Amino acid sequence: MNKTIRWISLSLAAMLCLACAEDQDNTYPEDTQHKALEAWMRQNRPHLLENYQEDGGYYVDVIAVGDLADTALRETEAWVRYDITGRDLQGNVCLTRDSILALQQGTFTRYTHYVPYFQFSDELSGTEFREGVHLSMRNVLTLGEKYAAERGLPREVELRKDAQVVLYMPATVVSTGSVNGDGGYEGQYQLSANHPLIAWLDVKERVRNPVESEGLAVDAFAEANGRLDPTLPDTPEESAAGAEPGGYTWRIASEEAAQVYYNTSFSPLSDGQGLFAYTDPYVGSQQRADEIDRRINRALVERFGTDAPGKLIDPEKTVRVWYIARFLDGFVQSTNIDEVKQIVYGEVEKDGVAMSYNPSVNKSAQIAAWYYALPYFRYGQWGALLTTSSNAYGSNGIVGTTQTDSSTDYTATYALMNYYGMMNSYYGGSNYYDRYNYYDNFYGNYMDGLYNASVNNSYNADASATTTVVTEVLPFTPLLIEFYIEPES
């Protein structure tokens, strides 16, 4: 992955475009933008004026210095996990990763995974782009003497784990375009181009090796949900014969795919086999997660039945698969099962269809984990797979997006036009195209006539908008997938 931070290529870029190229011209001169922010600070945050940062022309308020036993972010090349909330100078939220704040703003969606962002930080990422959050991570923050003394802080602060700061940034280190969230991370307001931004930053974690970190998380999940069998089966037939219906067993799918584990023991037919112990459950507690999963399991059994599995699938033929893809905290990232959509999202936005997959030809059609895991399963069988990002969405992940499609049913409007046609015919014309003089208001001043009548009486009522949210998948994110393979046709 390109180590230069490009928020446009990662999910927060869709949200925040904090990067701006050195050679781009702003609408207003740079000194004017800095003076505008300085004037606001003098009026509203005068105690922070002495915390001016020369490296980017921004101001900083240190809420917490963080864990002093941990290495400072600027001293290493590392991936950083952090929360961020952006506001304009009036306090209006333009982006947030906080679910409670999203609820308060009216922008919350059940499709959005409200967790800290994950971004790479190193020295190189500051050479091509200037960006306020990155600057604060890679440089020593210099505090004023009075400010530091009053708060018992050192004059120089380096961001590290558990640090919390508020950055007051001019547009020169924010964006040359507008700033707004996406994928459910929106605020109610969009920050216009070339405007300052207030960013609240909470550093959660520094990860030197995300590949190792997620690998350990996947192994720990497997151990917490049964056991991990390190034995590589010789054939799919051997694996199927060795399934243990009495409990979970995670097996290695292939020596070619590091940490793709498959589970032929999984089944929603009984509570014990259809429930997972999640890592830090997203819904708040394991008890709550179990309640939701029991509802899901009942819906799965009702839809797909309880018949015994058939023969091992033919890797040369296409199978039809129904699935629930989750993160390790239990959050449902995607599913093609309508009953699960209703339970998890509270709606069925679009009818689900089975995933058609042929292991011998569709390796690149879906995430690679399917290719390694599916050949071990039978027609009509339940199953599960567990994989690191290397065989899922990788080091880039998926950018979260929000799209709104508007549509209008013109039936009522046409009916109104036909009504005018009927009245026209009643007064002697064959249709409403014949009586221009009589309908002078209709033809001579359309906006004041039929248009306003239709809008006021029916047009708005017939308009509808569908909002689609694509769930963000952060870089280096493992996946847990439960699935059912349709019986052989």
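Everything below is about the structure shown above.
Parameters and conventions
Residues numbered from 1 in each chain as written. Predicted model: local features only at pLDDT ≥ 70, side-chain atom pairs only at ≥ 80, totals over all residues. Heavy atoms only, no water. Helix = DSSP H or I, 4+ residues; strand = E, 2+ residues; numbered from the N terminus. Buried < 20%, exposed > 50% of the residue type's maximum accessible area, 1.4 Å probe, protein only. Contact = heavy atoms within 4.5 Å. Salt bridge = Lys/Arg side-chain N within 4 Å of Asp/Glu carboxyl O. Pairing = 2+ DSSP bridges. Core = buried A, V, L, I, M, F, W, Y, C linked by side-chain atoms within 4.5 Å. Patch = residues over 30% accessible without salt bridge, like charges linked within 9 Å, V, L, I, M, F, W, Y side chains within 5 Å. Areas by Shrake-Rupley, 256 points an atom, 1.4 Å probe, with all protein chains shown as cover. Expected span 1.5 Å × (residues − 1). Polar contact = N/O pair within 3.5 Å; in protein donor to acceptor, adjacent residues only side chain to side chain. Phe/Tyr/Trp six-rings, centres within 6.5 Å; stacked < 30°, edge-to-face > 60°. Lys NZ or Arg CZ within 6 Å of the ring centre and 35° of its normal. Axes fitted to C-alpha atoms, helices over the stretch in contact; angles between N-to-C directions. Parallel < 35°, antiparallel > 145°, perpendicular 65-115°, else oblique. Left-handed = near helix turned anticlockwise from the far one by under 90°. Nonpolar A, V, L, I, M, F, W, Y, C, P; charged D, E, K, R; others polar.

Engineer: Before we go on, may I ask you to explain the overall build of the protein in this structure?
Structural biologist: Each helix and strand counted, the protein has 13 helices and 21 strands in total. Residues counted as buried form 50% of the 489 residues belonging to the protein. In the protein, the proportion of contacts linking residues at least 24 apart, taken out of those at least 6 apart, comes to 73%.

Engineer: What exactly am I supposed to notice about the pattern of salt bridges here?
Structural biologist: Where charged atoms from two side chains of opposite charge come close, those side chains can pair. Applying the stated criterion across every chain yields a total of 17 salt bridges. A salt bridge links Arg 151 to Glu 150; the shortest N-O distance between them is 3.4 Å. In this structure, a network of salt bridges that share partners links the residues Arg 74, Glu 158 and Arg 160.

Engineer: Where do I start with unusual backbone geometry in this structure?
Structural biologist: What is expected of a backbone is that most residues other than glycine have negative phi and most peptide bonds are trans. One non-glycine residue, Asn 194, lies in positive phi territory at about 60 degrees. Along the chain, Asn 194 turns up in the loop between strand S10 (164-169) and strand S11 (197-207). Within the chain, Asp 280 stands out as a residue other than glycine whose phi angle is a positive 50 degrees. Mapped onto the elements, Asp 280 comes out in the loop between strand S14 (260-263) and helix H8 (286-304).

Engineer: Got a minute to help me understand helix H9 (residues 338-345) in this structure?
Structural biologist: Those residues of H9 that fall on the buried side of the exposure criterion are Asp 338, Val 340, Lys 341, Ile 343 and Tyr 345. Check the buried side of H9 and you find it contacts H8, strand S15 (319-326) and strand S16 (332-335). Positive phi shows up at Gly 346, right after H9, with a value of about 80 degrees.

Engineer: Looking at this structure, how should I read the pairing of S16?
Structural biologist: Taken residue by residue, a regular strand's side chains alternate between the two faces of the sheet. Across three bridges, the pairing between S15 and S16 is antiparallel. What sits directly across from Arg 326, in S16, is Val 332. Hairpin geometry of S15 and S16 is characterised by an intervening segment of five residues between the two adjacent antiparallel strands and by a positive phi of about 95 degrees at Gly 330.

Engineer: Can you walk me through the nonpolar core in this structure?
Structural biologist: A general trend in soluble globular proteins is that nonpolar side chains are found buried together. Tyr 82, Leu 143, Leu 159, Val 165, Leu 167, Tyr 168 and Met 169 are the most contacted members of the largest nonpolar core, which totals 48 residues. The element that contributes the greatest number of residues to this core is S11, accounting for six residues. When neighbours within four sequence positions are excluded, Leu 143 is seen to be in contact with Glu 50, Asn 51, Val 60, Val 62, Ala 148, Leu 153, Pro 154, Arg 155 and Val 157. The next biggest cluster of nonpolar side chains, apart from the first, holds 32 residues, and it includes Ile 343, Ala 384, Val 469 and Leu 480.

Engineer: How do you make sense of a nonpolar patch on the surface when you look at a structure like this?
Structural biologist: Where nonpolar side chains cluster on the molecular surface, the patch consists of Ile 100, Leu 103 and Phe 108 and spans about 280 Å² of accessible area. Inspection of the secondary structure assignment puts Leu 103 in helix H3 (residues 99-105).

Engineer: It is not clear to me how the pairing of S11 should be interpreted in this structure. Could you clarify?
Structural biologist: When you tally the buried positions in S11, you get eight out of eleven residues, the bulk of the element. Relative to S11, strand S4 (residues 78-87) runs antiparallel, the two being bridged by nine bridges. When the bridges of S11 are listed, Asp 83 appears paired with Asp 202. Bridging between S10 and S11 involves six bridges; their strand directions are antiparallel. Each bridged residue has a counterpart across the sheet, and for Val 165 the counterpart in S11 is Leu 201.

Engineer: Please clarify how H8 should be interpreted in this entry.
Structural biologist: Three or four residues apart is the spacing at which side chains of an α-helix point the same way, because the helix has 3.6 residues per turn. For H8, which comprises 19 residues, the first-to-last C-alpha distance of 26 Å matches the rise-based estimate of 27 Å (1.5 Å per residue) to within 8%. Of the residues making up H8, those classed as buried are Ala 289, Asp 290, Ile 292, Asp 293, Ile 296, Asn 297, Ala 299, Leu 300 and Phe 304. Looking at the buried side of H8, the elements it contacts are S15, H9, strand S18 (382-387) and strand S21 (479-485). Trailing H8 by a residue or two, Gly 305 shows a phi angle of about 80 degrees, which is positive.

Engineer: In this structure, what is going on with the environment of Ala 257? I would like to understand it.
Structural biologist: Tracing the chain through its elements places Ala 257 in the loop between strand S13 (250-252) and S14. What makes Ala 257 buried here is its relative accessible area of 1%. Note: C-alpha distance between Ala 257 and Tyr 371 (114 residues apart in sequence) is 9.9 Å. Setting aside residues up to four positions removed in sequence, Ala 257 forms contacts with Tyr 372 and Asn 391.

Engineer: Before we go on, may I ask you to explain the side chain of Glu 158 in this structure?
Structural biologist: Mapped onto the elements of the fold, Glu 158 is located in the loop between strand S9 (156-157) and S10. In terms of polar contacts, Glu 158 uses its side chain to reach the side chain of Arg 74, at 3.0 Å.

Engineer: Where do I start with the packing of aromatic side chains in this structure?
Structural biologist: Both the distance between ring centres and the angle between the ring planes are used here to describe each pair of aromatic rings. What the rule picks out here adds up to 25 aromatic pairs. Both rings, one in Trp 79 and one in Phe 118, keep their centres 5.1 Å apart while their planes meet at 35 degrees; by these two values the pair is tilted. Taken together, the residues span a long stretch of sequence, with Trp 79 in strand S4 and Phe 118 in strand S6 (residues 117-121) at a distance of 39 residues. Exposure class is identical for Trp 79 and Phe 118. Each is buried. Here Phe 108 and Tyr 114 contribute two aromatic rings whose centre-to-centre distance is 5.3 Å and whose plane-to-plane angle is 15 degrees, an arrangement assigned as stacked. Its relative accessible area of 33% is what places Phe 108 among the partly exposed residues. Relative accessible area serves as the criterion here: at 8%, Tyr 114 is assigned to the buried category. The side chain of Arg 81 reaches across the aromatic face of Phe 118, ending 4.1 Å from its centre. Seen from the ring of Tyr 185, Arg 97 lies directly overhead, with NZ or CZ sitting 4.2 Å from the centre.

Engineer: What am I meant to see in the packing of H8 against H9 here?
Structural biologist: A pair of packed helices is characterised by two quantities: the angle between their axes and the separation of those axes. Taken N-terminus to C-terminus, the directions of H8 and H9 make an angle of 160 degrees; their axes are 9 Å apart at the nearest point. By the angle class used here, H8 and H9 are roughly antiparallel. Crossing geometry of H8 relative to H9 is assigned as right-handed. Residues Ile 292, Arg 295, Ile 296, Ala 299, Leu 300 and Arg 303 of H8 form the contact with H9, whose participating residues are Asp 338, Glu 339, Val 340, Ile 343 and Val 344. Its residues placed into classes, the contact of H8 with H9 shows seven nonpolar, no polar and four charged.

That is the geometry; function is a separate question.
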